[in-house]
Amino acid sequence: MDALAQFGFGANGWGKLLLAGASVTLAVTLASLAIGALLGSVVAAAKLSTRLSLRVAGDLYTTVFRGVPELLVIYLFYFGGSSVLTSLGRLFGAEGFLGIPTFLAGALAVGIISAAYQAEVFRGAFQAIPRGQIEAARAVGMGPFLLFRRVIVPQVFRLALPGLGNVWQLSLKDSALISVTGLAELMRTAQVGAGSTHDYFGFYIAGAVLYLAMTAVSNRVFDAAETRAGRGLRRTATPA
Amino acid sequence: MGLDLPFLFDTLRQLLAALPVTLALFVLSISFGAVLALGLTAMRLSGIGILDRLARAYVFVFRGSPLLIQMFFVYYGLAQFPAVRHGPLWPVLRDPFACAVIALALCTAGYATEIFRGAILAIPHQQVEAARAAGMSGWLLLRRMILPIGLRQALPAYSTELILMVKSTSLASVITVIEVSGVAQHIIAQTYRTMEVFLCAAMIYLVVNFTIARLVALLEHALTPHLRGQPLSVIAAAAAVPVERAALH
């Protein structure tokens, strides 16, 4: 079978399946980015807290989930989630193994890793806001919530964008590890295609090309977002 | 559920038995990767269009695709060709450990190239000019100025890369290399005691990563005597002088 038919969109072509895999990869990465943003801002708040116990908890979180291999975290959520589900099932009379949905386990695992990195990004961005602005906002009578919404969030978002771009790329590549749980994302689809056609070389190249396309496109998207978020800003580094 | 200490100890013992494989993967891939990265950095900074483009493409490909796919490519993808299977490199390419080292080294080289390039570009240009004015050029300039200063400036970012690489060695388990994560996965599949095994494995990785971070910090400290503040005794002595004078009046 020639390459055109094998990777094409015909009856025996793998093109459609690979693209479907790529869209699952995108979906699971988006889900994990959202989970990571929610959890990451909570962890960042803990790390910036004045209470020692919260700071220690936040530090512990970022140290563990940035220091332990992603693969182990995925095993933790997949096997751990499944054994919780199985024992719950037994409680209600269901016999045998109940697997946690692989999409959910994968998105949670990658999201929790992503939260550790996002927490550091948010913390750095928050600390880059000049103290004087917060004092000024307080002086004109803004309460904590209004201050958060009007002064902190818009600036943290702009300052965090480059860091978030890095986290997105990390998560995109971490999502390939979810293939070990059997989720039919891009990596898994490439593996299945390679196994059934014995064209390992071709399928891994095709998979890598699709990953590269995704990283290249998301680079552009983040660049554009940065330009847009910084449009009201005078550049300090531009030559006069 | 109580704490099952014998199980934890037994798990820890089994995982530690696989630690030498993890460390060997790490040391070998970092060494080969750093050499490759130095070559790629030289290409990137050579000012020769074609070499620059090639190195750029290399960095794009190896940073933009997941390590897992690179590893599968090296282990399964290359073996598909009879020319490879009957070629001189087959004893290397059929060994999963060697394939893991190759994939890890190729991948880290992509990241390290950017780190080294950034560090070299951050060397103040006046220092290079001063060295040239003093008659240094070529190899001497590289050995006395660019490499020592560049290495020092690369260390903080490179220590992050080193820790990422320790974590990346866990992917070797997917191509049948029995290292710490592979053993952990095996014990989990046998006992289904995910949390306990995870904690033991996590502890091992955290200790390794912490040690590496401390070692690099020590190296950085040793290489930057000029950035350190003066010893407290000197500052105290200097501060003490005006006070004594004031007391005389």
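Residues numbered from 1 in each chain as written. Chains lettered and ligands numbered in written order. Predicted model: local features only at pLDDT ≥ 70, side-chain atom pairs only at ≥ 80, totals over all residues.

Draft legend 1. Here's a closer look at the overall build of chain A. Helices and strands together make up the secondary structure of chain A, namely nine helices and zero strands. The order of helices and strands in chain A, counted from the N terminus, is α-α-α-α-α-α-α-α-α. Principal-axis analysis of the C-alpha atoms places the extent of chain A at approximately 70 × 60 × 25 Å. Across the 240 residues in chain A, those meeting the buried criterion constitute 40%. Here the analysis covers contacts within chain A between residues at least 6 apart in sequence; of these, 72% occur between residues at least 24 apart. (Helix = DSSP H or I, 4+ residues; strand = E, 2+ residues; numbered from the N terminus. Buried ≥ 20, exposed ≤ 12 C-beta atoms within 10 Å, placed from the backbone. Contact = placed C-beta atoms within 7 Å.)

Draft legend 2. View of the overall build of chain B. If you tally the helices and strands in chain B, you get 12 helices and zero strands. Moving toward the C terminus, one meets the helices and strands of chain B in the order α-α-α-α-α-α-α-α-α-α-α-α. At 24 Å, chain B has a C-alpha radius of gyration far larger than the 18 Å of a compact globule built from 249 residues. Along the three orthogonal principal directions, the C-alpha set of chain B runs to about 85 × 60 × 25 Å. (Rg over C-alpha atoms; globule rule 2.2 N^0.38 Å.)

Draft legend 3. Summary view of the confidence of the model for chain B. Residues and elements named next belong to chain B. Mean pLDDT over chain B stands at 89; residues scoring 70 or higher make up 91%. Considering each helix and strand of chain B separately, the mean pLDDT is smallest for helix α12 (residues 232-248), with a value of 60, and largest for helix α2 (residues 19-44), with 96. For this predicted complex, the interface confidence comes out at an ipTM of 0.84, alongside a pTM of 0.85. (pLDDT = per-residue confidence, 0-100.)

Draft legend 4. The arrangement of the interface of chain A and chain B in detail. Contacts between the two partners involve 30 residues from chain A and, on the opposite side, 29 residues from chain B. Counting residues per element, the ones that place at least two in the side of chain A that touches chain B are α3 (52-67), α4 (70-91), α8 (186-197) and α9 (200-229) of chain A. At nine residues, α9 of chain A tops the list of elements feeding residues into the side of chain A that touches chain B. Of the residues that constitute the side of chain A that touches chain B, the class distribution is 21 nonpolar, seven polar and two charged. (Nonpolar A, V, L, I, M, F, W, Y, C, P; charged D, E, K, R; others polar.)

Draft legend 5. Quick look at the environment of L223 of chain B. Residues and elements named next belong to chain B. Turning to its location among the elements, L223 is positioned in helix α11 (residues 194-223). Accessibility expressed as a C-beta count within 10 Å gives 15 for L223, which makes it partly exposed. Along the primary structure L223 and M165 are separated by 58 residues, whereas in three dimensions their C-alpha atoms are 23 Å apart.

Draft legend 6. Just the packing of α3 of chain A against helix α5 (residues 102-127) of chain A, in detail. All names here are of chain A. Orientation of α3 relative to α5, taken along the N-to-C sense of each, is 125°, at an axis distance of 9 Å. Viewed along their axes, α3 and α5 adopt a mutual orientation that is oblique. Our pair here, α3 against α5, has a crossing hand that is left-handed. Across from G58, Y61, T62, F65 and R66 in α3, the residues of α5 making contact are I112, I113, A116, Y117, A119 and E120. Class assignment of the residues belonging to the contact of α3 with α5 gives a composition of seven nonpolar, two polar and two charged. (Axes fitted to C-alpha atoms, helices over the stretch in contact; angles between N-to-C directions. Parallel < 35°, antiparallel > 145°, perpendicular 65-115°, else oblique. Left-handed = near helix turned anticlockwise from the far one by under 90°.)

Draft legend 7. Looking closely at the nonpolar core. Grouped together as the largest cluster of nonpolar side chains are 118 residues, with contacts concentrated most on V73 and I74 of chain A together with L68, I69, M71 and A103 of chain B. Broken down by element, this core gets its largest block of residues, 16 residues, from helix α7 (residues 96-121) of chain B. Ignoring anything within four residues of it in the chain, the contact list for V73 of chain A reads F65, V68, A109, I112 and I113 of chain A. (Core = buried A, V, L, I, M, F, W, Y, C linked by C-beta atoms within 7 Å.)

Draft legend 8. Representation of unusual backbone geometry in the model. At H198 of chain A, a residue that is not glycine, the phi angle is positive and equals roughly 60°. On the secondary structure map, H198 of chain A appears in the loop between α8 and α9.

Draft legend 9. Here's a closer look at the packing of α4 of chain A against helix α10 (residues 180-191) of chain B. Where α4 of chain A contacts α10 of chain B, the axes come no closer than 10 Å and their chain directions differ by 10°. Considered as vectors, α4 of chain A and α10 of chain B are oriented roughly parallel to each other. Residues L71, L72, Y75 and F79 of chain A of α4 of chain A form the contact with α10 of chain B, whose participating residues are S181, A184, Q185 and I188 of chain B. Residues of the contact of α4 of chain A with α10 of chain B, tallied by class, amount to six nonpolar, two polar and no charged.

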